[in-house]
Amino acid sequence: MDGSLLGLWIGVSLSLLIFLIVLISINNISLTSDNKFSRDFPVWRGIAIFIFYVWILGFDIYMYEEYKITHKLIFKFNDHHYSKAIEIFKFAGLHTSIFLILFLLYILDLTGIYNISFRQEYFSMISWGVFLLTLLVPLPIFNYKGRIFALKLIFEAILSPCKGVSFPIVWMTDQAVSMAVPLKDFSYAICYFTEIDFNKNDNPCNDTNRVSVVLIVAVSVLSYRMIQCIRQGYDKG
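Just so it is clear, the model here is predicted, and its values are computed rather than measured.

### Quick look at the nonpolar core
Judged by nonpolar contacts, the single largest core of 38 residues is most densely connected at Phe 37, Trp 44, Phe 103, Tyr 106, Ile 107 and Phe 131. For this core, the leading source of residues is helix α4 (residues 85-111), giving 14 residues. Beyond its immediate chain neighbours, meaning those up to four positions away, Phe 103 contacts Leu 20, Ile 24, Phe 37 and Trp 44. The next biggest cluster of nonpolar side chains, apart from the first, holds 6 residues, and it includes Leu 153, Ile 169, Val 170 and Met 172.

Listed below in structure tokens is the structure:
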């Protein structure tokens with residue numbers, strides 16, 4: 001049953017992706033020729049990168065399971081908050097399908113092929129909202145105990161210079177460094193939904209003004225990683 005559901009989601013996602021590529025190509029939509037698409041694109045790109053990251057995590061877990069690597073011991077997982085690869089793939093597949101359906105509706109409305117009585121800017125808000133809701137709110141779906149464990153691990157990572165640094169905390173901090181660019185898009189999305197007047201053409205959240213976010217995130221996380229290394233050196237004498 002799990003494999004069939006995953007196959008269904010992958011099939012729907014690939015079909016929508018191909019249709020979107022053809023639709024965008026036929027209508028000559030690009031970042032340079034369409035100001036509205038250029039303004040909205042970073043919001044869609046940000047959520048797409050986060051969803052793709054979940055796919056990568058699922059593939060990693062699949063390889064661990066396939067080659068019998070005991071990663072559960074390394075990451076100190078137990079059966080209550082451990083997710084199998086198929087569960088991660090189902091989560092990623094669901095959000096991929098939601099993302100592509102909403103993006104398709106956005107493109108159809110943007111090109112005028114089908115006028116929807118709903119502001120096109122809110123389609124990306126729904127995609128972000130559903131993803132963050134299922135990721136951060138411990139609803140009893142998609143191994144919610146695992147998400148509670150992840151939130152606790154974030155809290156432990158913040159306190160790690162005082163309490164000690166374990167391998168899961170090191171791994172999480174390294175992952176945070178690689179999230180600098182997606183977090184830049186996330187900050188753009190926050191500005192997009194709170195500061196932009198969609199009835200005007202100006203864009204106070206111009207993408208070039210958000211480059212500093214990458215620097216802030218990277219420097220902050222790397223500095224924190226250095227503090228963790230000092231703590232590890234202290235613990236090992």
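### Overview of helix α6 (residues 144-163)
The largest bend in α6 amounts to roughly 40° and is located at Ala 157, with the proline Pro 161 lying one to four residues further along. Among the residues making up α6, those that are buried are Gly 146, Arg 147, Leu 153, Ala 157 and Ser 160. Phi turns positive one or two residues past the end of α6, at Gly 164, with a value near 120°.

### What to know about the state of the cysteines
Within the structure shown, the criterion is met by 1 disulfide. At a sulfur-sulfur separation of 1.7 Å, the disulfide partner of Cys 191 is Cys 205. An S-S torsion of about -80° defines the bridge between Cys 191 and Cys 205 as left-handed. With Cys 191 in helix α8 (residues 180-195) and Cys 205 in the loop between α8 and α9 (211-235), this pair connects stretches of sequence that are 14 residues apart. A relative accessible area of 3% places Cys 191 in the buried class. Cysteine Cys 162 remains unbridged, with the sulfur of Cys 229 as its closest cysteine sulfur at 16 Å. What makes Cys 162 exposed here is its relative accessible area of 64%. Given a relative accessible area of 38%, Cys 229 falls into the partly exposed group.

### Remarks on the pattern of salt bridges
Counted according to the given criterion, the structure contains 6 salt bridges. With a closest N to O distance of 2.8 Å, Asp 185 and Arg 45 form a salt bridge. Of this pair, Asp 185 sits in helix α8 while Arg 45 sits in helix α2 (residues 35-66); the two residues are 140 residues apart in sequence, bridging distant segments of the chain. Across the pair Arg 231 and Asp 235 runs a salt bridge whose closest N-O atoms are separated by 2.9 Å. Of this pair, Arg 231 and Asp 235 both sit in helix α9, 4 residues apart, roughly one helical turn. On the accessibility criterion, Asp 235 (42% relative accessible area) is partly exposed. The structure contains a network of salt bridges with shared partners spanning Arg 39, Asp 40, Arg 119 and Glu 121.

### Regarding the side chain of Gln 120
Turning to its location among the elements, Gln 120 is positioned in the loop between α4 and α5 (121-136). In this structure, Gln 120 is in contact with Lys 36, Asp 40, Tyr 106, Asp 109 and Leu 110, ignoring residues within four places of it in sequence.

### With respect to a nonpolar patch on the surface
Together, Leu 133, Leu 135, Leu 136, Val 137, Leu 151, Ile 154, Phe 155, Ile 158 and Leu 159 give the surface a local cluster of nonpolar side chains, amounting to about 730 Å² of exposed area. Looking at the nonpolar patch, the elements that each hand over two or more residues are α5 and α6. Per-element accounting of the nonpolar patch gives the leading share, 5 residues, to α6. With respect to the element layout, Leu 133 can be found in helix α5. Note on Leu 133: relative accessible area 43%, which makes it partly exposed.

### What to know about the environment of Tyr 67
Relative to the elements of secondary structure, Tyr 67 occurs in the loop between α2 and α3 (71-74). Assessed through its relative accessible area of 58%, Tyr 67 is described here as exposed.

Conventions and cut-offs
- Along each chain, numbering runs from 1 in the same order as the chain's sequence is written.
- Residues qualify for local features only when their pLDDT is at least 70, as the model is predicted, and side-chain atom pairs are given and counted only at 80 or more; totals for whole chains, interfaces and linings, by contrast, use all residues.
- As a rule here, side-chain values come from all non-hydrogen atoms in the structure, and water together with hydrogens is ignored.
- We define a nonpolar core as any set of buried Ala, Val, Leu, Ile, Met, Phe, Trp, Tyr and Cys residues linked to one another through side-chain atoms lying within 4.5 Å.
- In this scheme, a residue with accessible area under 20% of its type's maximum is buried, one over 50% is exposed, and one in between is partly exposed, where area comes from a 1.4 Å probe on protein chains only.
- Segments assigned H or I by DSSP are reported as helices when at least four residues long, segments assigned E as strands when at least two residues long, and all are numbered from the N terminus.
- Should any heavy atoms of two residues lie within 4.5 Å, those residues are counted as being in contact.
- Fitting axes to the seven residues that end at a residue and to the seven that start at it, the angle between those axes gives the bend at that residue.
- Counting rule for disulfides: a pair of cysteine sulfur atoms within 2.5 Å.
- Salt bridge criterion: a side-chain nitrogen from Lys or Arg within 4 Å of a carboxyl oxygen from Asp or Glu.
- Patch membership requires more than 30% relative accessible area and the absence of a salt bridge. Residues of like charge join within 9 Å; the nonpolar side chains Val, Leu, Ile, Met, Phe, Trp and Tyr join within 5 Å.
- The Shrake-Rupley method, run with a 1.4 Å probe, gives the accessible areas here. Residue values count only the displayed protein chains as cover.

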